[in-house]
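# Descriptive analysis of the structure
Listed here are the chains, written in short residue letters.
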Amino acid sequence: VSRDPAYHDRYASVLLNKVLALQLGTSNRTSRVLSEEMGLLQSARSNLYKFLNDSSHYNAEQVLQQIEDLGLYDETIVLFRKLNRHRQALIELILRKQDHQGALEYCVKVVTEARQAEKAAAQARAQQARMQTPSKPPPRHGSSLDEHSFHSSGSPALSSSPYTSFSSSPSLFP
């Protein structure tokens, strides 16, 4: 499947145009034909909804501008979610669709997605930090400058106590 945004934008337009054509066509039909076309319209809307929900490669703002006032509430809610316009999505759910349960489910979904995204970001940061942290060099054993020989050399000049040099040197006072 292509990840080319232009391809996804064109495909979204094709799906949307099919839905719009079917919506316009259902207004002047007999009940038998209307029933068949309503089935086609529902199928076309389902395909559009699935594409908008599953793809992240189309321009959501552009698609939203095309469908915002067409009564395609479910599709509009998906676009609002993709654009992080959660307040507007909840307005659609509560005021236009009067779907309070759907609003609660939307909130749970958004919070869950945010937690998953934060967890993934934290894991990525930790992985990046592990890759950037240099490994500790191995200790140099046997060197005259290693830490152990430096502090335990017995030399008054290298002693850890400033008073050691006085106690180990000959008495300066009779």
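The following paragraphs examine the structure supplied in this document.

The rules behind the values
Residues numbered from 1 in each chain as written. Predicted model: local features only at pLDDT ≥ 70, side-chain atom pairs only at ≥ 80, totals over all residues. Heavy atoms only, no water. Helix = DSSP H or I, 4+ residues; strand = E, 2+ residues; numbered from the N terminus. Buried < 20%, exposed > 50% of the residue type's maximum accessible area, 1.4 Å probe, protein only. Contact = heavy atoms within 4.5 Å. Areas by Shrake-Rupley, 256 points an atom, 1.4 Å probe, with all protein chains shown as cover. Core = buried A, V, L, I, M, F, W, Y, C linked by side-chain atoms within 4.5 Å. Salt bridge = Lys/Arg side-chain N within 4 Å of Asp/Glu carboxyl O.

## Topic: the overall build of the protein
- Per the secondary structure count, the protein includes eight helices and zero strands.
- Tracing the protein from N to C terminus, the helices and strands come up as α-α-α-α-α-α-α-α.
- Going through the 174 residues of the protein one by one, you find that 21% of them count as buried.
- Counting only contacts in the protein whose residues sit at least 6 apart along the sequence, the fraction spanning at least 24 positions is 49%.
- When the accessible surface of the protein is split by element, carbon and sulfur atoms take 56% of a total near 12,900 Å².

## Here we look at the nonpolar core
- The biggest cluster of nonpolar side chains holds 25 residues, and the ones touching the most others in it are Leu-52, Tyr-58 and Leu-79.
- Here Leu-52 is in contact with Tyr-58, Val-63, Glu-75, Val-78, Leu-79 and Lys-82, once residues within four sequence places are set aside.

## Quick look at the pattern of salt bridges
- The tally for this structure, following the rule as stated, stands at seven salt bridges.
- With its nearest N and O atoms 2.4 Å apart, the salt bridge here joins Lys-97 to Asp-74. Highlighted residues: Lys-97 in the loop between α5 (86-96) and α6 (100-132) and Asp-74 in helix α4 (residues 73-82), separated in sequence by 23 residues.
- Of the residues examined, Asp-74 reaches a relative accessible area of 30% and is grouped as partly exposed.

## Here's the deal with the side chain of Glu-92
- The topology assignment puts Glu-92 in helix α5.
- The contact partners of Glu-92, leaving out residues within four places of it in the chain, are Tyr-73, Thr-76, Ile-77, Phe-80 and Lys-97.

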